[in-house]
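Coordinates in review
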Amino acid sequence: MRKNRLVISEECRSRWSRLLKKRELIAYYLLCVKKKNDVWNTGDIVDVLVNELLLNNKTAYNVFRRLKRIGLLVRVGEYMYKCIDFTEYFDELLKSYVCVKKLRRKP
């Protein structure tokens, strides 16, 4: 017998539907917290990931694309991107997690 899937209400949904993978989280932390640049050029992002995390160019570009697709890097100009605040990302994850847990506990 199948279990009924939990229907998540709109108040529990966050902009980020999934957790970051380890490599993505480390890259996001490096770009947005440790380096603290306001705006990044695409080439600069790939260079930092290649030089600091020792990724090859293809992997670095794919990590950049995933962060962009998820919405953690927001486009502000042609080839220019800005990071979403690290605490904003974690606050929304916390809100979503707690809300889903509360829904699951209700009898």
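Residues numbered from 1 in each chain as written. Predicted model: local features only at pLDDT ≥ 70, side-chain atom pairs only at ≥ 80, totals over all residues. Heavy atoms only, no water.

A word on the side chain of Glu-92. Its location among the elements puts Glu-92 in helix α4 (residues 86-105). Not counting the four nearest positions on each side in its chain, Glu-92 is found in contact with Ser-14, Arg-15 and Trp-16. (Helix = DSSP H or I, 4+ residues; strand = E, 2+ residues; numbered from the N terminus. Contact = heavy atoms within 4.5 Å.)

A few words now on helix α1 (residues 22-34). Within α1, the full set of buried residues consists of Glu-24, Ala-27, Tyr-28, Leu-30, Leu-31 and Cys-32. All buried residues of α1 lie within an arc of 165° about the axis, which places them on one face of the element. Exposed residues pointing more than 90 degrees away from the buried face of α1 are listed as Lys-22 and Lys-34. On its buried side, α1 packs onto β1 (39-41), α2 (42-53), α3 (57-70), β3 (80-83) and α4. Count one or two residues on from α1 and you reach Lys-36, which has phi positive near 55°. (Buried < 20%, exposed > 50% of the residue type's maximum accessible area, 1.4 Å probe, protein only. Arc of directions from axis to C-beta.)

What follows deals with the environment of Val-63. Structurally, Val-63 can be placed in helix α3. Residue Val-63 is classed as buried on the basis of its relative accessible area, which comes to 0%. Taking the C-alpha atoms as reference, Val-63 lies 9.1 Å from Tyr-28; in sequence the two are 35 residues apart. For Val-63, the contacting residues outside a window of four places in its chain are Arg-23, Glu-24, Ala-27, Leu-49 and Leu-55.

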